[in-house]
Amino acid sequence: MRIGIRAHDVAYAPLDELIPNIHKQGFHCMHIALTKSIKEFKPGVETMTPGLAMYIKELCAENKVDVAVLGCYLNLCNPNPEKHKEIVEKYKAHIRFASILGCGVVGTETGAVNEEYKYEPANHSDEALQCFIDNLRPIVKYAEQFGVIVAIEPVWKHIVYNPARARRVLDEINSPNLQIILDPVNLLDYCNYKDQVAIVDEAIDLLGEDVAMVHLKDFIPEDGKLRSVGCGLGQMDYTSVLKFMKERKPFIHATLEDTIPENNVQVKNFIQGLYDNL
């Protein structure tokens, strides 16, 4: 696997230092959310120029770091019409930017039925799912025009909360430019984490052919919730997902999540060791 990290989980530095630092820690790729990783200026639609994309692309090439994911984790089902319009424009800007940057995917989660982007039971309704499909469809159509892949990440608290709903989204939109980010921990919640092996196996069975990249983290159950931590620091069973990656997805991008600068390398070595010894 091409193991990587979220750029905002590395100690902050300007871009011309950040990307070399990612390489120095032994990572081959990164997941970058511009607004979380860049502080030397304020990223936004107007700053996402071809020049900035080419600058980041040049830094990545010099340091042998792929951009696995350009993150655009905004709520496509925001019920406020004005905010939804702004969100759509941001997605389009990320797609244009990605076409020049040359990244693996523009990544996103799957929204909520409220402006706060938080869990409520209505997120799991059929109406919410149809809203997401309807609002994602033109985004994917736009991505097709630029030769960019949009990848959705199922998350238990959001609208696409299980593998079956993700499969339905893929089938209804039916585009090669729509794929999946598989984050096994995000399919879990306090109510189902004891069934983690069956849930991950179902995800691989239903979504495996469309998985473009993988997020890797761990979890600790506490106080009726799951707390996300770096790999090897919790109760995640990685057997199925690593076996899937090794056997069916050679050289797939896999980015760590919920690490901290102090344990980035430790976590990388842990998960790489499991992968190598399968």
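This structure is a prediction, so every number in the text was calculated from the model and none was measured.

## Some details on helix α7 (residues 196–207)
Here is step 1 of the chain: Over its 12 residues, α7 runs 16 Å from end to end, which matches the ideal 16 Å to within 8%, given 1.5 Å per residue.
Here is step 2 of the chain: Within the sequence span of α7, burial applies to Gln196, Ile199, Val200, Ala203, Ile204 and Leu207. Across the axial projection of α7, the buried residues extend over an arc of 135 degrees, all falling on one side. Away from the buried face of α7 by more than 90 degrees, exposed residues Ala198 and Asp205 are located.
Here is step 3 of the chain: As for α7, its buried residues are in contact with α6 (163–173), β6 (178–182), β7 (211–216), β8 (218–222) and α8 (239–248).

## Looking at the packing of aromatic side chains
When we look at a pair of aromatic rings, we describe it by the centre distance and by the angle of the planes.
Here is step 1 of the chain: Counted according to the given criterion, the structure contains five aromatic pairs.
Here is step 2 of the chain: Measuring from centroid to centroid gives 5.6 Å for Tyr190 and Tyr193, while their planes differ by 50 degrees, and the two rings are tilted.
Here is step 3 of the chain: Judged by relative accessible area, Tyr193 falls into the buried class, the value being 12%.
Here is step 4 of the chain: With 6.3 Å between their ring centres and 70 degrees between their planes, Tyr238 and Phe270 make a pair best called edge-to-face. Of this pair, Tyr238 sits in the loop between β9 (225–229) and α8 while Phe270 is found in helix α9 (residues 264–276), placing the two residues 32 residues apart along the sequence.
Here is step 5 of the chain: Ring-pair connections join several aromatic residues into one group, and the members of that group are Tyr190, Tyr193 and Phe219.
Here is step 6 of the chain: Stacked on the ring of Tyr275, the Lys or Arg Lys246 has its end atom at 5.2 Å from the ring centre.

## Some thoughts on the packing of α8 against α9
Here is step 1 of the chain: Close contact between α8 and α9 brings their axes to 10 Å; oriented N to C, the two are set at 60 degrees. Here α8 runs over α9; the crossing is right-handed. Contact with α8, carried on its side by Leu242, Met245 and Lys246, involves Ile271, Leu274, Tyr275 and Asp276 of α9 and no other residues of that element.

## Comments concerning the sheet that holds strand β10 (residues 253–256)
Neighbouring strands of a sheet are bound in pairs by backbone hydrogen bonds; such pairs are parallel or else antiparallel.
Here is step 1 of the chain: Read once around its circumference, the closed barrel built from eight strands follows the order β1-β2-β3-β4-β5-β6-β7-β10, with strand pairing classed as parallel. When the angles between neighbouring strand axes are averaged without regard to direction, this sheet yields 30 degrees.
Here is step 2 of the chain: Across four bridges, β7 lies against β10 in parallel orientation. Bridge pairing in β10 places Met213 opposite His253.
Here is step 3 of the chain: The sheet contacts of α6 involve β5 (150–152) and β6, and relative to β6 the element is tilted by about 165 degrees.

## Some details on the environment of Ala203
Here is step 1 of the chain: Inspection of the secondary structure assignment puts Ala203 in helix α7.
Here is step 2 of the chain: The spacing of Ala203 and Arg2 is 201 residues in sequence and 21 Å in space, taken between C-alpha atoms.
Here is step 3 of the chain: Non-local contacts of Ala203, meaning those with residues more than four positions away in its chain, are made with Pro163, Leu182, Leu187 and Gly208.

## Focus: the layout of surface pockets
Here is step 1 of the chain: When its volume is computed, the largest pocket comes out at roughly 500 Å³.
Here is step 2 of the chain: In terms of lining, the largest pocket is formed by 24 residues, of which the most central are Ala33, Lys36, Gly71, Cys72 and Tyr73.
Here is step 3 of the chain: Those elements that provide at least two residues to the lining of the largest pocket are α2 (34–37) and α4 (81–101).
Here is step 4 of the chain: When residues of the lining of the largest pocket are assigned to their parent elements, the largest contribution, three residues, is made by α2.
Here is step 5 of the chain: Residue composition of the lining of the largest pocket, by class: eight nonpolar, eight polar and eight charged.
Here is step 6 of the chain: What lines the second largest pocket is a set of 15 residues, among which Lys157, Asn186, Leu188, Asp189 and Leu226 lie closest to the centre.
Here is step 7 of the chain: Among the elements that take part in the lining of the second largest pocket, β9 stands out by supplying three residues, more than any other.
Here is step 8 of the chain: Considering only residue class, the lining of the second largest pocket consists of seven nonpolar, four polar and four charged.

## A short note on the side chain of Arg167
Here is step 1 of the chain: Residue position: Arg167 is located in helix α6.
Here is step 2 of the chain: On the accessibility criterion, Arg167 (16% relative accessible area) is buried.

## Examining α9
Along an α-helix, residues three or four apart share an orientation, since each turn contains 3.6 residues.
Here is step 1 of the chain: Along its 13 residues, α9 runs 18 Å from first to last C-alpha, staying within 8% of the 18 Å computed at 1.5 Å per residue.
Here is step 2 of the chain: Those residues of α9 that are buried are in contact with β1 (2–6), β7, α8 and β10.

Definitions and cut-offs
Residue positions are given per chain, counting from 1 as you read along its sequence in written order. Restriction of local features to residues with pLDDT of at least 70 applies here, the model being predicted, together with a cutoff of 80 or more for giving and counting side-chain atom pairs; totals for whole chains, interfaces and linings are based on all residues. The side-chain values count all of the structure's non-hydrogen atoms but skip hydrogen atoms and water molecules. Put simply, DSSP marks the helices as runs of H or I at least four residues long and the strands as runs of E at least two long, and each gets a number from the N terminus on. Given a helix with a known number of residues, its expected span is that number minus one, times 1.5 Å. For the exposure calls, accessible area comes from a 1.4 Å probe over protein chains only, and a residue counts as buried if that area is under 20% of its type's maximum, exposed if over 50%, partly exposed in between. The arc in question is the one spanned by the directions pointing from the helix axis to the C-beta atoms. By definition in these notes, contact holds between two residues if any of their heavy atoms fall within 4.5 Å. Aromatic rings from Phe, Tyr and Trp, taking only the six-membered ring of Trp, are treated as a pair when their centres fall within 6.5 Å; an angle between ring planes under 30 degrees marks them as stacked, one over 60 as edge-to-face, and anything in between as tilted. The rule for a charge over a ring is simple: NZ of Lys or CZ of Arg within 6 Å of the ring centre, and within 35 degrees of the ring normal. Between the N-to-C directions of two axes lies an angle of 0 to 180 degrees, each axis being a line fitted to C-alpha atoms and, for a helix, fitted only over the stretch in contact. Should the near helix be turned anticlockwise from the far one by less than a right angle, the crossing is left-handed, and should it be turned clockwise, the crossing is right-handed. Two strands qualify as a pair provided that DSSP identifies no fewer than 2 bridges between them. Whether a set of points on the 1 Å grid over the protein atoms alone is a cavity depends on a 1.4 Å probe fitting there but being unable to get out, while an open set qualifies as a pocket with protein on both sides within 12 Å along at least five of seven lines; lining residues are those with an atom within 4 Å of a point. Grid points are joined across faces, edges and corners, and a volume is the space filled by probe spheres set on the points. Any residue that is not Ala, Val, Leu, Ile, Met, Phe, Trp, Tyr, Cys, Pro, Asp, Glu, Lys or Arg is counted as polar, Gly included; the first ten are nonpolar and the last four charged.

In short, the description is geometric, and any link to function would need to be established separately.
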